[in-house]
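A structural walkthrough
If you want the building blocks of each chain, they are given just below.
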Amino acid sequence: MRFRHPDGTTVHLAYCTNVHPAETLDGVLAQLRDHCEPVRKRLGRDRLGIGLWLARDAAHALVTDPAALRGLRTELDRRGLEVVTLNGFPYEGFGAEEVKYRVYQPDWADPERLEHTTSLARLLAGLLPDDVTDGTISTLPLAWRTAYDDTRADKARAALVTLAERLDALQELTGRSIRIGLEPEPGCVVETTHDALAPLTAIAHDRIGVCVDTCHLATSFEDPHTALDALTDAHVPVVKSQLSAALHAEHPADPAVREALAAFAEPRFLHQTRTTTRSGGLHGTDDLVEALADGGPLPDTAPWRAHFHVPLHAAPAAPLTSTLPVLEAALTRLVGGPHPLTRHLEVETYTWQALPPELRPRARAQLTDGIAAELTLARDLLTDLGLKELP
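What you see is a predicted model; the values in this text were computed from it and never measured.

Now for the overall build of the chain. Looking only at helices and strands, the chain features 12 helices and 15 strands. On C-alpha atoms alone, the chain measures out to a radius of gyration of 20 Å, which is about the 21 Å that the 2.2 N^0.38 rule sets for 391 residues. Structurally, the chain occupies a C-alpha span of about 55 × 50 × 45 Å along its principal axes. The buried share of the chain, reckoned over its 391 residues, is 58%. Of the contacts made within the chain by residues no fewer than 6 positions apart, 80% connect residues no fewer than 24 positions apart.

What follows is the structure in structure tokens.
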């Protein structure tokens with residue numbers, strides 16, 4: 001979906017396909033047929049943007065076979081789909097029964113992360129629509145925080161510098177500009193947008209910036225305006241933004257609240273949980289189940305937020321809610337000003353099948369309806385900010 005900003009800029013809205021597990025090229029092609037095209041038709045649109053996730057095996061098949069890449073581009077066109085952004089954070093196995101900490105491997109100190117991201121950039125340059133010259137890729141925020149020392153930090157910094165050089169060369173070769181955004185996430189080396197300032201200003205290259213995930217922003221209790229002002233002041237570009245909402249519990253000491261939260265403590269994904277201190281700092285656990293344990297380390301005197309991407313249009317039932325207001329505030333700053341801070345927006349609710357059983361889609365059509373409803377909400381937020389939806 002495309003929108004015209006009042007300044008004349010085109011803003012792209014997509015939804016991320018990491019909600020549909022696929023490790024191979026055949027799986028990706030099946031996604032387009034079984035999920036993406038039905039969402040487009042459900043919305044009544046001639047064209048729909050998707051934030052494509054290409055796992056290691058799928059990316060390898062495409063980068064080593066130009067005919068396969070041309071075939072994917074043809075299939076996208078045939079189904080009324082377009083790609084201007086990729087999700088390069090998960091490497092493989094995102095549809096596994098247990099993902100948890102594995103999603104952070106390989107990290108940016110591992111050469112495989114550089115090679116995989118380079119491949120994704122080359123592929124995106126070949127997938128961009130004919131009238132689009134700029135593409136974006138979101139990626140791991142350096143590494144999970146443990147076992148990350150100065151040596152690994154130096155390796156990660158060198159890898160990102162090399163990537164920037166490769167992206168410069170890619171533009172010279174193809175005329176397509178691809179930018180990469182580190183995606184701050186609780187528990188990682190770059191947990192907040194503030195944490196991104198030092199490593200990115202050290203690199204100081206406009207092709208390497210930040211992907212603002214509004215669920216992660218909310219989980220860390222960051223104020224959107226403060227965070228985005230800091231990035232702007234530091235000249236760190238907002239490469240893209242993932243529109244998502246976290247799980248919010250206003251009164252975590254209440255037994256009914258804890259019972260409701262327990263329904264979201266599931267074995268597949270990591271649900272980092274945070275609360276604020278009186279001094280404005282954060283307490284946190286790596287997973288929601290740790291926070292809920294008897295005598296757990298997380299104080300319950302202030303609200304809790306958990307890294308669980310809940311559907312944008314359907315907040316959990318009371319006594320829980322979502323951080324949709326944080327998303328709305330961030331979006332106002334991202335695209336509601338005289339000029340957009342980013343032109344690529346991506347709805348990223350990948351946890352539909354991790355929801356409590358009674359909230360999960362029971363059929364493919366229900367998932368299609370849910371994704372379409374999220375995109376409709378996002379579209380309405382954009383038009384309320386003065387953007388005009390394009391055909």
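Here R42 lies in helix 1 (residues 25-43). Not counting residues up to four positions away in its chain, the partners in contact with R42 are T368, D369 and A372.

Under the counting rule described, the total for this entry stands at 28 salt bridges. E82 is the partner of R2 in a salt bridge, and the nearest nitrogen-oxygen pair spans 2.8 Å. Of this pair, R2 sits in strand 1 (residues 2-4) while E82 sits in strand 4 (residues 81-87), placing them 80 residues apart in sequence. E82 matches R2 in its accessibility class, with the two residues each being buried. E37 is the salt-bridge partner of R40, the closest N and O atoms lying 3.5 Å from each other. Pair noted here: R40 and E37 are both in helix 1, with a separation of three residues, about one helical turn. For the residue pair R40 and E37, the accessibility class agrees, reading buried in each case.

This part covers the sheet that holds strand 10 (residues 273-276). Each strand in a sheet pairs with its neighbour through backbone hydrogen bonds, running either in the same direction (parallel) or in the opposite one (antiparallel). With antiparallel pairing, five strands are arranged side by side in an open sheet as 11-10-12-9-13. At either end of the open sheet lies a strand with only one pairing partner, and these are strand 11 (282-285) and strand 13 (320-322). Neighbour-to-neighbour, the strand axes of the sheet open up by a mean angle of 30 degrees, direction not taken into account.

This part takes up the pairing of strand 3 (residues 48-52). Counted residue by residue, strand 3 has five buried out of five residues, so it is predominantly covered. The side-chain alternation of strand 3 yields two buried faces, one formed by L48, I50 and L52 and the other by G49 and G51. Across three bridges, the pairing between strand 2 (residues 10-16) and strand 3 is parallel. Residue pairing in the sheet places C16 in a bridge with G51 of strand 3. Note that strand 3 and strand 4 share four bridges and pair parallel.

The rules behind the values
Residues numbered from 1 in each chain as written. Predicted model: local features only at pLDDT ≥ 70, side-chain atom pairs only at ≥ 80, totals over all residues. Heavy atoms only, no water. Helix = DSSP H or I, 4+ residues; strand = E, 2+ residues; numbered from the N terminus. Rg over C-alpha atoms; globule rule 2.2 N^0.38 Å. Buried < 20%, exposed > 50% of the residue type's maximum accessible area, 1.4 Å probe, protein only. Contact = heavy atoms within 4.5 Å. Salt bridge = Lys/Arg side-chain N within 4 Å of Asp/Glu carboxyl O. Pairing = 2+ DSSP bridges. Axes fitted to C-alpha atoms, helices over the stretch in contact; angles between N-to-C directions.

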